[in-house]
Amino acid sequence: MARETDHGPNRGHPKHGQREAEMTQDATDPQDDKGPFGRPIFEDPSARALSRVGVVDIGSNSVRMVVFDGAARSPAYFFNEKVMAGLGAGFAETGRLNPDGRRRALSAILRFAELARRMGADPLTVVATAAMREAVDGPEFRAEVEAATGLSIWIIDGQEEARLSAQGVLLGWPEAEGLVCDIGGSSMELARIANGRVGRRLTSALGPLRLEGLGSAKAMREEIKSTVARIAEEIGTGHRRLFLVGGSWRAIARIDMIRADYPLHVLHEYRMNPASLRTTLAHIGSRRIDELRAETGIGEARMSLIPTASLVLKHLVRVLKPREIAISSYGIREGLLYEQMPQRLRDRDPLIEACRFAEQKDARLPGFGRALYRFVLPIFKGEPDSRKRIIQAACLLHDVSWRAHPDYRHEACFDNATRANLGGLTHRERIFLGLALLHRYKNSRQGTRFEQMIQILSEKEVAQAEVLGKAMRFGAMFSAQTPDTLGEILWQPKKRHLVLQLPEAAEDLFGEVAQARFGALVTALKATPEIRRGADH
Ligand code: LMR
Ligand code: MG
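Here the structure is a predicted model, which means the values were calculated and not measured.

The rules behind each value
Residues numbered from 1 in each chain as written. Chains lettered and ligands numbered in written order. Predicted model: local features only at pLDDT ≥ 70, side-chain atom pairs only at ≥ 80, totals over all residues. Heavy atoms only, no water. Helix = DSSP H or I, 4+ residues; strand = E, 2+ residues; numbered from the N terminus. Contact = heavy atoms within 4.5 Å. Areas by Shrake-Rupley, 256 points an atom, 1.4 Å probe, with all protein chains shown as cover. Pairing = 2+ DSSP bridges. Axes fitted to C-alpha atoms, helices over the stretch in contact; angles between N-to-C directions. pLDDT = per-residue confidence, 0-100. Buried < 20%, exposed > 50% of the residue type's maximum accessible area, 1.4 Å probe, protein only. Core = buried A, V, L, I, M, F, W, Y, C linked by side-chain atoms within 4.5 Å. Near = heavy atom within 4 Å. Polar contact = N/O pair within 3.5 Å; in protein donor to acceptor, adjacent residues only side chain to side chain. 1 Å grid on protein atoms, 1.4 Å probe; cavity = no way out; pocket = protein on both sides within 12 Å on 5 of 7 lines; lining within 4 Å. Sits in = over half its atoms within 2 Å of the grid points. Parallel < 35°, antiparallel > 145°, perpendicular 65-115°, else oblique. Left-handed = near helix turned anticlockwise from the far one by under 90°. Nonpolar A, V, L, I, M, F, W, Y, C, P; charged D, E, K, R; others polar. Expected span 1.5 Å × (residues − 1). Phe/Tyr/Trp six-rings, centres within 6.5 Å; stacked < 30°, edge-to-face > 60°. Lys NZ or Arg CZ within 6 Å of the ring centre and 35° of its normal.

1. Comments concerning the overall build of the chain
Then step 1. Check the secondary structure of the chain and you find 25 helices and 14 strands.
Then step 2. Taking as baseline every contact in the chain between residues at least 6 positions apart, the subset at least 24 positions apart corresponds to 73%.
Then step 3. Accessible area of the chain: about 22,700 Å², with a carbon and sulfur share of 49%.

Structure follows, in structure tokens:
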């Protein structure tokens, strides 16, 4: 059954077929994509063809359109709008779509279709999930919407919904491993992911709207219990990580964040351990809805689903025993974007691509980040690749905040890095990146408002981010030069010996300020310095 729908929504979609053909024709040498400094993706014709990809997700709670734009490998949200239409509300009693939901959904989709046309994002890829696939008037509503808008709607089955959602998680997190769980209004889908692939999938009726239709609290509990037991049997337990997708899970994570006074309010990649989540779920159980709303600012329609969703999550965590729980803001819509990418785009690192894009768009000297990375790398020779890619990201971003007021530039850098709408990096990595960039512009971080966040890092990470920042700060002094006259740093970690090899062409640039910056790097490394002059390398 899964194979039947493998390319479900896009099969036979004329624009996608055509786009794929153009991409093949214009394809650059695949080698270009591979090296650490392959051609930036946004210059690639296939990336341009992929910009402005519009998708509409007709869910049981919400109807949403996203238009992706820009660096294709890392989604930029050119447009993102959601209406909580509630198509699945009342389904258990009537077996039909909610009449008010139908009206609101139709008017939202009419607006989306018109906007997409004006944005050049048509034809839209439109998928509909549980409410429409189950309601008796689903086909009729589909015909009504198609006639009114000229769009084609793919009503996907639960297997396909699970696959697309898991694909979305993989888009931001190519290395993700564990179990994806996407909760909607009328259903809940699960999929295993490992080695960049989606594995076993299943669908269930554990959507909060559906459960509430069961009438009594007892019936609801029983349904949850027996369904979770079946899920455990079919998909296994003890997963390394449970990736939560869907608005209701995000709302619970927000409550967890606020309760734990967690300083970085980014939901994507937010992690919870089972014990702390249990405390939050108990907290939700003990509060009134209006109290929770006042504490968190979550909207009424969403909050009304939270007590039931919490109950589902409590059972899931208890029975499936994941080692860790993480929120993914990427789900079905990003999965639809992923569907439209050729493999060689998928293979790229979403973080690095987004940073290259930012450099190209905002740096004073686009391209210097690459030279700077090469320059600082000797200090970090022994680091694992997972760290090197964050260092590379920092170098690419080292100057994108140059327009900010000099007195606040270091803070702007920290904010940009930690709050950026990026995939492919953990919260710790965000903070590391932010701290390194802060020190790119400022020696001391005394008096900054980031202490609480910086404490999330280990002492070693803080020291390393500081060294990186200072190395970039020094290296940036040579940015007027062509990269190959940047000079060279040699670092012997055992002896803590730092050699600066200064080519003749850079001699005049090594002025007072540059020397002071070099001194700051030496201090941060607790190194003995040596300057070798004149030797061209
Ligand atoms: C839905 O079924 O509407 C969900 O996928 C998304 C939501 O808003 O809960
Ligand atoms: Mg959904």
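2. Notes on the sheet that holds strand β14 (residues 528-534)
Then step 1. Read from one edge to the other, the open sheet built from three strands follows the order β12-β13-β14, with strand pairing classed as mixed. What marks the edges here is a single partner per strand, and that holds for β12 (488-492) and β14. Geometrically, the sheet is characterised by an average inter-axis angle of 15° between neighbouring strands, direction not taken into account.
Then step 2. The sheet contact formed by β12 and strand β13 (residues 497-503) spans five bridges and is antiparallel. Paired with Gln492 across the bridge in β13 is His497.
Then step 3. Running at roughly 160° to β13, helix α25 (residues 512-525) makes contact with β12, β13 and β14 of the sheet.

3. Structural notes on the confidence of the model for the chain
Then step 1. With 88% of its residues at a pLDDT of 70 or more, the chain has an overall mean of 88.
Then step 2. Scored below 50 in pLDDT, residues 1-43 makes 82 contacts in the model with residues more than four places away or belonging to other chains.

4. Describing the pairing of strand β9 (residues 242-245)
Then step 1. Of the two faces of β9, the one holding Leu242 and Leu244 and the one holding Phe243 and Val245 are both buried throughout.
Then step 2. Bridge count between strand β6 (residues 178-183) and β9: four bridges; the pairing is parallel. Paired with Cys181 across the two strands is Leu244, which belongs to β9.
Then step 3. In terms of strand pairing, β9 meets strand β11 (residues 325-327) through three bridges, oriented parallel. Looking at the pairing, Phe243 lines up with Ala326 of β11.

5. Notes on the nonpolar core
Here is a general trend for soluble globular proteins: nonpolar side chains tend to be buried in one another's company.
Then step 1. Of all hydrophobic cores here, the largest spans 105 residues; its most connected members are Met188, Trp249 and Val376.
Then step 2. Apart from the residues lying within four places of it in its own chain, the contact partners of Trp249 are Cys181, Ile183, Met188, Leu244, Ala309, Val312, Leu313, Leu316 and Ile327.
Then step 3. Formed by 30 residues, the second largest nonpolar core is a distinct cluster that contains Val63, Met65, Ile109 and Leu115.

6. A look at the site of ligand 1
Then step 1. Close contacts around ligand 1 come from Gly59, Ser60, Asn61, Ser62, Gly184, Gly185 and Arg302, and that covers them all.
Then step 2. The separation between an oxygen atom of ligand 1 and a polar side-chain atom of Ser62 is 2.7 Å.
Then step 3. The side chain of Arg302 places a nitrogen or oxygen atom 2.7 Å from an oxygen atom of ligand 1.
Then step 4. In isolation ligand 1 exposes 270 Å². Once the protein is present, 92% of that is buried.
Then step 5. The cavity where ligand 1 resides is the largest cavity.

7. Focus: the packing of helix α18 (residues 350-362) against helix α20 (residues 385-397)
Then step 1. Contact geometry for α18 and α20: axes closest at 8 Å, N-to-C directions at 10°. The angle between the axes of α18 and α20 places the two elements in the roughly parallel class. The element α18 and its partner α20 pack so that their crossing is left-handed. Seen from α18, the contacting residues are Leu351, Ile352, Cys355, Arg356, Ala358 and Glu359; seen from α20, they are Arg389, Ile390, Gln392, Ala393, Leu396 and Leu397.
Then step 2. Residues belonging to the contact of α18 with α20 are distributed by class as follows: eight nonpolar, one polar and three charged.

8. Focus: α18
Then step 1. The end-to-end C-alpha distance of α18 is 18 Å, a good match for the 18 Å that 13 residues give at a rise of 1.5 Å each.
Then step 2. Among all positions of α18, only Pro350, Leu351, Ile352, Glu353, Ala354, Cys355, Arg356, Ala358 and Glu359 are buried.
Then step 3. Considering only its buried residues, α18 is in contact with α8 (158-172), α19 (368-376) and α20.

9. Points about the packing of aromatic side chains
Then step 1. By the definition in use, this model includes eight aromatic pairs.
Then step 2. Their ring planes at 75° and their centres at 4.9 Å tell us that Trp173 and Phe243 sit as a pair that is edge-to-face. With Trp173 in the loop between α8 and β6 and Phe243 in strand β9, this residue pair connects regions lying 70 residues apart in the sequence. For the pair Trp173 and Phe243, one class covers both residues: buried.
Then step 3. The structure contains a cluster of three or more aromatic residues connected by ring pairs, namely Phe375, Phe474, Phe510 and Phe518.
Then step 4. Note that Arg52 overlies the ring of Phe78, its terminal NZ or CZ placed 3.9 Å from the centroid.
Then step 5. The aromatic ring of Phe432 is capped on one face by Arg387, whose charged end is 3.9 Å from the ring centroid.

10. Some thoughts on the sheet that holds β9
Then step 1. Strand order in the open sheet formed by six strands is β8-β7-β6-β9-β11-β10, and the pairing between neighbours is mixed. This sheet does not close on itself; its edge strands, each paired only once, are β8 (197-204) and β10 (271-272).
Then step 2. Sheet analysis places strand β7 (residues 188-194) next to β8, joined by six bridges and oriented antiparallel. Bridging from a neighbouring strand, Ala191 pairs with Arg201 of β8.
Then step 3. Across the sheet, α8 is in contact with β6, β7, β8 and β9; its angle to β8 comes to roughly 135°.
Then step 4. Strands in contact with helix α15 (residues 306-320) are β6, β7, β9 and β11; relative to β6, the strand with the most contacts, it is inclined by about 165°.

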